[in-house]
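Structural overview
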Amino acid sequence: ALERTLSIIKPDAVKKNVIGEILARFEKAGLKIVAAKMKQLTREEAEGFYAVHKERPFFGALVDFMISGPVMIQALEGEGAVLKNRDLMGATNPKEAAAGTIRADFAESIDANAVHGSDSLENAANEIKYFFNDSDVVSH
Ligand code: CMP
């Protein structure tokens, strides 16, 4: 089915100047960018976005990392977009990510892992709403 998912290019990948290379992978896989913005997240925005992880031991480090520089946030649309994006990203830990995936090619560590992608259709809808108004998501 046609789905939308939220993707974030994290501060490590923005600093490496590989936004375009990562977006090209989405487009080459048939995903369309239907909303996009660059943003310096506030601590409150990062904490709210990752609220499901707030009891996890890595929460503080995750939030510190996500506000360490600007991020590029996009909504992606396509057939099976949620799983397709996760396949393109590879495993959360780049050491376990399959060759040719975004994390294998651009990520350094489980914290600085280049990209975030929604893990389910339900979370995707909530995550897109967290960053974009309905009127800022287009179809093309
Ligand atoms: P992300 O998909 O953005 O969702 C939560 C992030 O927490 C994850 O990517 C990782 O960058 C980070 N993280 C750090 N340690 C862990 C861990 N042990 N398990 C899962 N995620 C972790």
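Position labels on residues start from 1 in each chain and follow its written sequence. Thresholds applied to this predicted model are a pLDDT of at least 70 for local features of residues and 80 or more for the giving and counting of side-chain atom pairs; totals over whole chains, interfaces and linings are not thresholded and use all residues. To get the side-chain values, all heavy atoms of the structure are used, and hydrogens and water are removed first.

The subject of this paragraph is the UniProt feature "domain: Nucleoside diphosphate kinase-like" (unreviewed entry) in the protein chain. Under the UniProt annotation, the feature "domain: Nucleoside diphosphate kinase-like" (unreviewed entry) is placed at residues 2-139. In this text, helices come from DSSP runs of H or I with a minimum length of four residues, and strands from runs of E with a minimum of two, each type numbered from the N-terminal end. The distance separating the terminal C-alpha atoms of residues 2-139 is 12 Å; by composition the span is 40% helix and 20% strand. UniProt positions are given in the numbering used here, feature names are shortened, and annotations may be inferred rather than shown by experiment.

Let us now look at the site of the ligand. Consider each residue's heavy atoms; a residue with any of them within 4 Å of a molecule or strand counts as near. The environment of the ligand is formed by K10, Y50, H53, F58, L62, T92, R103, I110, D111, N113 and H116. Nitrogen and oxygen atoms within 3.5 Å of one another constitute a polar contact, given that in protein one can donate a hydrogen and the other can accept it, and given that sequence-neighbouring residues count only through two side-chain atoms. A distance of 2.7 Å separates an oxygen atom of the ligand from a polar atom in the side chain of K10. Within the backbone of I110, one N or O atom sits 2.6 Å away from an oxygen atom of the ligand. When the free accessible area of the ligand is taken as 450 Å², the share hidden by the protein chains comes to 79%. Amino acid classes used here: Ala, Val, Leu, Ile, Met, Phe, Trp, Tyr, Cys and Pro are nonpolar; Asp, Glu, Lys and Arg are charged; the rest, including Gly, are polar. The residue makeup of the shell around the ligand, split by class, is four nonpolar, four polar and three charged. Here the accessible surface of atoms and residues is derived via Shrake-Rupley with a 1.4 Å probe, and residues count as covered only by protein chains that are part of the display.

The next thing to look at is the UniProt feature "binding site: ATP" (unreviewed entry) in the protein chain. Cross-referencing UniProt, the feature "binding site: ATP" (unreviewed entry) maps to K10, F58, R86, T92, R103 and N113 in the present numbering. Tracing the chain through its elements places R86 in helix 5 (residues 81-89). By the convention used here, residues are in contact when the closest approach between their heavy atoms is within 4.5 Å. If we skip the residues at most four places from it in the chain, R86 touches G117, S118 and D119. Following the sequence through the fold, N113 ends up in the loop between helix 6 (102-106) and strand 4 (115-117).

This paragraph deals with the nonpolar core. Counting residues in hydrophobic clusters, the biggest one holds 22 residues, and the most contacted among them are L6, I8, L41, M66, I73, F131 and F132. Those elements that place two or more of their residues in this core are strand 1 (2-9), strand 2 (32-39), helix 3 (43-49), helix 4 (59-66), strand 3 (71-79) and helix 7 (121-131). With five residues, the single largest contributor to this core is helix 4. For L41, the residues in contact, after removing those within four places along its chain, are A46, M66, I67, V71, I73 and F131. In plain words, nonpolar cores are sets of buried Ala, Val, Leu, Ile, Met, Phe, Trp, Tyr and Cys residues tied together by side-chain atoms within 4.5 Å. The buried label applies to any residue whose accessible area, calculated with a 1.4 Å probe on protein chains only, is under 20% of its type's maximum; exposed applies above 50%, and partly exposed to all values in between. Among the nonpolar cores identified, the runner-up in size contains 18 residues, and V18, I19, M89 and F106 belong to it.

Of all nine residues in strand 3, eight are buried; the element is thus mostly enclosed. For two strands to be treated as a pair, DSSP must find at least two bridges joining them. Where strand 1 lies against strand 3, eight bridges are found, and the strand directions are antiparallel. For S7, the partnering residue across the bridge sits in strand 3 and is Q74. Two strands pair when backbone bridges link them, and strand 2 and strand 3 are joined in this way by seven bridges, in the antiparallel orientation. Within the sheet, the bridge partner assigned to K37 lies in strand 3 and is I73.

Next up on the list: the packing of aromatic side chains. Between the rings of Phe, Tyr and Trp (Trp by its six-membered ring), a pair exists once the centres lie within 6.5 Å; its type follows the angle of the planes, with under 30 degrees stacked, over 60 edge-to-face, and the other angles tilted. Here the structure, examined in full by the defined rule, presents four aromatic pairs. Both rings, one in F49 and one in Y50, keep their centres 4.9 Å apart while their planes meet at 80°; by these two values the pair is edge-to-face. Of the two residues, F49 and Y50, neither departs from the other in class, the shared state being buried. Taken together, a centroid distance of 5.2 Å and an interplanar angle of 40° make the contact between F49 and F131 tilted. Residue F49 is located in helix 3, and its partner F131 is located in helix 7; the two are separated by 82 residues in the primary sequence. The class for F49 is buried, based on a relative accessible area of 10%. By relative accessible area, which is 6% here, F131 ends up buried.

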